[in-house]
Amino acid sequence: MKYVITGREPKLALKYFEDIAAIPHGSYNEKAVAEFIKNRAEELGLYARMDRANNVVVKKPATLGYEHLPAVLLQAHTDMVNEKNKDTVHDFEKDGLELIVEGNILRANGTTLGADDGKGVAYMLALMDEDSDKFPHPPLEFAFTSMEEVGLIGAMKLDCSDITARKLIGLDAGPEGVICTTSAGAQEIIVACDTQWEDARGEAVKITVDGLLGGHSAMNITDEKGNANKIMGRILHNVAKVCDFRICNVTGGMMFNAIPREAEAVITVVDGNKDAAVEMINTVFEQLKTELKASDAGVNVQVSDCTADRILSATVTKTVTEALYTIPNGVRMMSKEVEGLPVTSTNMGVVKTLEDKITINTMLRSSSRSVNDDYVDNIITVAQLCGMYVDYKGDWMPAWPYMAESELRPLVKRLYNEKTGGEIKEFAVHGGLELGVFSEKLPGVDIVTLGCTSGNEHTVTEWMDLDSYERVYEFIKELLTELTK
Ligand SMILES: [Zn+2]
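Residues numbered from 1 in each chain as written. Predicted model: local features only at pLDDT ≥ 70, side-chain atom pairs only at ≥ 80, totals over all residues.

### Here we look at the nonpolar core
One broad rule of soluble globular proteins: the nonpolar side chains tend to lie buried together. One finds Met 124 and Met 232 to be the most contacted residues of the largest nonpolar core, which totals 129 residues. A total of nine residues in this core trace back to one element, the largest contributor, which is helix α3 (residues 115–128). Counting contributing residues per domain, this core is built from domain 1 (11–183 + 400–482) and domain 2 (186–393), each supplying no fewer than three. In this structure, Met 232 is in contact with Val 209, Val 250, Gly 252, Ala 263, Ala 265 and Leu 324, ignoring residues within four places of it in sequence. (Core = buried A, V, L, I, M, F, W, Y, C linked by C-beta atoms within 7 Å. Buried ≥ 20, exposed ≤ 12 C-beta atoms within 10 Å, placed from the backbone. Helix = DSSP H or I, 4+ residues; strand = E, 2+ residues; numbered from the N terminus. Domains from an automatic or database assignment. Contact = placed C-beta atoms within 7 Å.)

In structure tokens, the structure reads:
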């Protein structure tokens, strides 16, 4: 194999980075890379096991004299997101990535680079190999996980019973100088109500909510943007105060984890009541424009005439209207331990009218299992009071709660300060990470994250800073040595 990164440190980690890049390893296709890791570990005479989900666990004994110390776990995911330019000829099932070095930047030719998380995997391979023979370290355990990008599946399936470490360095991270301190858990709930169709009567109008900014339900939930589905609930709830109406159709949002930007409903109102309905819709629109002036100023509500061939019964109309209106949404609790971090939030992401039922999908995120469970209960209770039932209740994707008494975090901060003179930045994530899964599977585990500077993950312009890659590797090695003291 011809290597393209030459004359750079860390030699062995960069060699492994290229070895991995040569093996196709998109999500669900990790078998070959997992076998590569396991075979390499066995060649080195190390304990290694690979499971049916293509996770690999490897153990390397401590440096002579440090066998009595507790083990440290290093973790990274083996899968990458496969993206390519339209005109790039590349078969992600067969072809290795074509890497390009430009100064201190590494990227791939027309595809994702897979530095997310090849950068962590390569560090681990080099440490599992001879690099760790050159400095004192405690016993090392390595967890290479699969299918991270498609819902943390490998980590969820990993049997952790042979992992003894209760200190974990997460290597799916970065940029340099930033550490993560907590991540949220998540759960998806779909409530539904069966349809009861009747022949249409009355005057039909279409209500459209759009112009909203939307955003990610983890990253943007504190921005107080408008949620199109909740706005539709508010409109319908208020229209019900001034006239009788029936829902013919209500839909909104595309993805459970995105704040919905658009929603649409067709309703019919009793003849002669249309003006009152339109007036009420416009009143709510005026209120929204004022309320969202600073956070989502583009909000737009439009009413237009249309036709309808069938309508939902009065009971179903009331049930759906009140469920849209009352199901809790947005930030439910803010952390008093970590500034700016929501403890729990909910996002009413998708509303659908199907032939047989109307569904409302809510995604919860929480760094606290009990607060999550309380809001799940809350949503179900409210939905049931409205007349809906639980159509789907997803599994809880575990959180990594903030650990105030962490020993690793202050150690990393001190070491970073000694080396660079700078302060490390702490970053709290309201989204889900594999570290949440490990946090639940390894009770009491103390976690830090380290990663070099890289960017544009999941896109064809993904890049990694090679100078930073070297510095962070040196830092990890020094941290491991520090853990022998
Ligand atoms: Zn990743």
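### With respect to the environment of Glu 426
On the secondary structure map, Glu 426 appears in strand β20 (residues 425–428). A residue is classified by how many C-beta atoms lie within 10 Å of it, and Glu 426, with 15 of them, is partly exposed. With 245 residues separating them in the primary sequence, Glu 426 and Thr 181 have C-alpha atoms 6.4 Å apart.

### Here's the deal with the sheet that holds strand β6 (residues 140–145)
One open sheet holds the six strands; their spatial order is β1-β2-β6-β3-β7-β21, and the pairing between them is mixed. The sheet is open, and its two borders are formed by β1 (47–50) and β21 (446–449), each paired with just one other strand. The sheet shows a mean angle of 15 degrees between the axes of neighbouring strands, taken without regard to direction. Contacting β3 (72–77), β6, β7 (167–170) and β21, helix α10 (residues 434–441) crosses the sheet at an angle of about 145 degrees to β3. (Pairing = 2+ DSSP bridges. Axes fitted to C-alpha atoms, helices over the stretch in contact; angles between N-to-C directions.)

### Quick word on the pairing of β6
Buried residues dominate β6, accounting for six of its six residues. What you see with β6 is no split at all: Leu 140, Phe 142 and Phe 144 on one side and Glu 141, Ala 143 and Thr 145 on the other are buried throughout. In terms of strand pairing, strand β2 (residues 56–60) meets β6 through five bridges, oriented antiparallel. Its bridge partner being in β6, Val 57 is matched across the sheet by Ala 143. As judged from the six bridges shared by β3 and β6, these two strands associate in the parallel manner. Each bridged residue has a counterpart across the sheet, and for Leu 73 the counterpart in β6 is Glu 141.

### Observations concerning the domain arrangement of the protein
Split into domains, the protein comes out as domain 1 (11–183 + 400–482) and domain 2 (186–393). Here domain 1 and domain 2 have C-alpha centroids that lie 40 Å from each other. Counted by class, the side of domain 1 that touches domain 2 contains four nonpolar, five polar and no charged residues. (Nonpolar A, V, L, I, M, F, W, Y, C, P; charged D, E, K, R; others polar.)

### Description of the environment of Glu 337
Mapped onto the fold, Glu 337 is located in the loop between β16 (330–334) and β17 (342–353). Note on Glu 337: 14 C-beta atoms within 10 Å, which makes it partly exposed. C-alpha separation for the pair Glu 337 and Pro 175, spaced 162 residues apart in sequence, amounts to 23 Å. Beyond its immediate stretch of four places on either side in the chain, Glu 337 contacts Tyr 402 and Ala 404.

### Focus on helix α8 (residues 369–386)
Note on helix geometry: an α-helix contains 3.6 residues per turn, so any two residues three or four positions apart are oriented the same way. Between its first and last C-alpha, α8 extends 26 Å over 18 residues, near the 26 Å set by a 1.5 Å rise per residue. Buried residues of α8: Asn 372, Tyr 375, Val 376, Ile 379, Ala 383 and Cys 386, and no others. With its buried residues spanning 105 degrees around the axis, α8 presents them on a single face. Pointing more than 90 degrees away from the buried face of α8 are the exposed residues Ser 370, Asp 377, Thr 381 and Leu 385. Of the surrounding secondary structure, the elements contacted by the buried residues of α8 are β9 (185–194), α7 (314–326), β16, β17 and β18 (357–366). Remark: Gly 387 follows α8 within two positions and exhibits a positive phi of approximately 110 degrees. (Expected span 1.5 Å × (residues − 1). Arc of directions from axis to C-beta.)

### What about the sheet that holds strand β23 (residues 463–465)?
In space, the four strands of this open sheet follow the order β4-β5-β23-β22, with antiparallel pairing throughout. Each of the sheet's edge strands pairs with one partner strand only, and the pair in question is β4 (99–102) and β22 (454–455). Pairing of β4 with strand β5 (residues 105–108) involves four bridges; the strand directions are antiparallel. Within β5, the position partnered with Leu 99 by the bridge is Ala 108. Contacts from helix α11 (residues 466–482) reach β5 and β23 within the one sheet, and its direction differs from that of β23 by about 55 degrees.

### Considering the pairing of strand β12 (residues 245–252)
Among the eight residues in β12, seven count as buried, and that is most of the element. As paired strands, β12 and strand β13 (residues 263–269) are joined by seven bridges and run antiparallel to one another. By the bridge assignment, Phe 245 is partnered in β13 with Val 269.

### Observations concerning the packing of α7 against α8
Close contact between α7 and α8 brings their axes to 8 Å; oriented N to C, the two are set at 155 degrees. Between α7 and α8, the angle is such that the two are roughly antiparallel. Handedness of the crossing formed by α7 with α8: right-handed. Residue-level inspection shows Thr 319, Glu 322, Ala 323 and Thr 326 of α7 in contact with α8, the latter providing Val 382, Ala 383 and Cys 386. Considered class by class, the residues forming the contact of α7 with α8 number four nonpolar, two polar and one charged. (Parallel < 35°, antiparallel > 145°, perpendicular 65-115°, else oblique. Left-handed = near helix turned anticlockwise from the far one by under 90°.)

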